[in-house]
Amino acid sequence: MRRAGRLLEGTAAGRTAAVMVGRMKARLVVLVSGAGTNLQALIDACADQSYGADVAAVGADRPGIEGLARAERAGIPTFVTRVADYPTRAAWDRGLAEAVAAFGPDLVVSAGFMKLVGPVFLDRFEGRFINTHPALLPAFGGMHGVRDALEYGVKLTGCTVFMVDAGTDTGPVIAQAAVPVRDDDDVGTLHERVKVTERALLVDTVGAMVRGGWSVQGRRVKVGR
Ligand code: GRF
């Protein structure tokens, strides 16, 4: 089975992106900065041939993290692209884009990657760069989504998988799942419970995208045909 490739058309004001993965198994490049439990969930899912994807490489912005160790244990190529190794942030952005592109990804997954990428990266992977966030966007974006939701006193929070755009956690929403807040939660217990749901949502969403394709029209993302 050969599927169609990628289509990007439209104007800046009303851009449409439709993506079908053009091979039997999609190639994922996953970016991490820490523990990598979301990465592990993807690695485990990819072990099932019917999932429809392989993790082609794992990239990080820092060495010595458990996320990279998980990839190495699974025999997956890794790379580290540190901001400190580049003269400017723009040069780092280009370097990261090149490092990711070298693995020919159909989909790039930011899974706990704690850096904002720049315009070169965003342009190169437009419509196929996704992120996961531990809150129900547009509420509680940014670095402290779990803490901010808890401090606000919401009774329901959750997680969001979204297309990355130039803002911080502002891109089109692909999928969300809710998690109740308990009276005795602290940031640690709530984040751990959110992450259980987040891992399942990420695995389900990436699987549905690579098997069924996806399209983005304005802020509306449709997964599957
Ligand atoms: C996740 O909750 C992610 O949304 C947030 O940081 C956490 C990363 O967890 N940005 P892990 O590294 O995948 O375990």
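Look up a bit, the structure's there.
Turning our eyes to something else, we now look at the overall build of the protein chain. Assigned secondary structure in the protein chain consists of six helices and 11 strands. The globule rule puts the C-alpha radius of gyration for 225 residues at 17 Å, and the 17 Å found for the protein chain is close to it. Expressed along its principal axes, the backbone C-alpha trace of the protein chain runs to roughly 50 × 40 × 40 Å. A burial count over the protein chain gives 48% of its 225 residues as buried. Pairs at least 24 residues apart make up 61% of the contacts formed inside the protein chain by residues separated by at least 6 positions. As displayed, the protein chain offers around 10600 Å² of accessible surface, 54% of which is attributable to carbon and sulfur atoms. Distance between charge centroids for the protein chain: 6 Å, based on 27 positive and 24 negative side chains.

Here the focus is the side chain of Thr37. Mapped onto the secondary structure, Thr37 falls in helix 1 (residues 37-46). A polar atom in the side chain of Thr37 sits 2.8 Å from the side chain of Arg199.

Contacts to the ligand come from Ala35, Gly36, Thr37, Asn38, Gly112, Thr132, His133, Pro134, His191, Lys195 and Glu198. Separating an oxygen atom of the ligand from a side-chain N or O atom of Thr37 is a distance of 2.6 Å. Here the ligand has 370 Å² of accessible area as a free molecule, and 88% of this is covered by the chains. Elements supplying a minimum of two residues to the shell around the ligand: helix 1, strand 7 (129-133) and helix 6 (187-212). For the shell around the ligand, the element with the most residues is helix 6, which contributes three residues. Considered class by class, the residues forming the shell around the ligand number two nonpolar, seven polar and two charged.

Quick look at the sheet that holds strand 9 (residues 173-180) now. Strand order in this open sheet of seven strands is 5-4-3-6-7-8-9, and the pairing throughout is mixed. Two strands lie at the open edges of the sheet, namely strand 5 (78-80) and strand 9, each paired on one side alone. Each strand of the sheet is rotated relative to its neighbour by a mean of 20°, with strand direction disregarded. Each of strand 3 (26-32), strand 4 (53-60) and strand 6 (107-110) is contacted by helix 1, which is oriented at about 155° to strand 4, the strand it contacts most. Where helix 2 (residues 66-73) meets the sheet, it contacts strand 3, strand 4 and strand 5, and its direction lies at approximately 155° from that of strand 5.

Among the nonpolar cores identified, the biggest contains 48 residues, and Val30, Ile130 and Val206 are the most heavily contacted of them. Tallying contributions element by element places helix 6 first for this core, with eight residues. Aside from chain neighbours lying at most four places away, what touches Ile130 is Leu107, Val108, Val109, Ser110, Val161, Phe162, Met163, Val164, Ile174, Leu202, Val206 and Met209.

Of all the eight residues making up strand 8 (residues 156-163), seven are buried; the element is thus mostly covered by neighbouring parts of the structure. As defined by bridge partners, strand 7 adjoins strand 8 across four bridges and the pair is classed as antiparallel. Residue pairing across strands places Asn131 opposite Phe162, the latter belonging to strand 8. Of the pairings in the sheet, the one linking strand 8 to strand 9 comprises seven bridges and is antiparallel in character. Opposite Thr157, over in strand 9, you have Val179 as the bridge partner.

Before going further, it helps to spend a moment on the packing of helix 1 against helix 2. Running from amino to carboxyl end, helix 1 crosses helix 2 at an angle of 20°, the nearest separation of the two axes being 9 Å. Considering the angle they form, helix 1 stands roughly parallel to helix 2. Taken as a pair, helix 1 and helix 2 cross one another with a handedness that is right-handed. Judged by residue contacts, Thr37, Leu39, Gln40 and Ile43 of helix 1 engage Gly67, Arg70 and Ala71 from helix 2.

Reading the values: the criteria
- Residues numbered from 1 in each chain as written.
- Predicted model: local features only at pLDDT ≥ 70, side-chain atom pairs only at ≥ 80, totals over all residues.
- Heavy atoms only, no water.
- Helix = DSSP H or I, 4+ residues; strand = E, 2+ residues; numbered from the N terminus.
- Rg over C-alpha atoms; globule rule 2.2 N^0.38 Å.
- Buried < 20%, exposed > 50% of the residue type's maximum accessible area, 1.4 Å probe, protein only.
- Contact = heavy atoms within 4.5 Å.
- Areas by Shrake-Rupley, 256 points an atom, 1.4 Å probe, with all protein chains shown as cover.
- Lys, Arg positive; Asp, Glu negative; His and termini not counted.
- Charge placed at Lys NZ, Arg CZ, Asp CG, Glu CD.
- Polar contact = N/O pair within 3.5 Å; in protein donor to acceptor, adjacent residues only side chain to side chain.
- Near = heavy atom within 4 Å.
- Nonpolar A, V, L, I, M, F, W, Y, C, P; charged D, E, K, R; others polar.
- Pairing = 2+ DSSP bridges.
- Axes fitted to C-alpha atoms, helices over the stretch in contact; angles between N-to-C directions.
- Core = buried A, V, L, I, M, F, W, Y, C linked by side-chain atoms within 4.5 Å.
- Parallel < 35°, antiparallel > 145°, perpendicular 65-115°, else oblique.
- Left-handed = near helix turned anticlockwise from the far one by under 90°.

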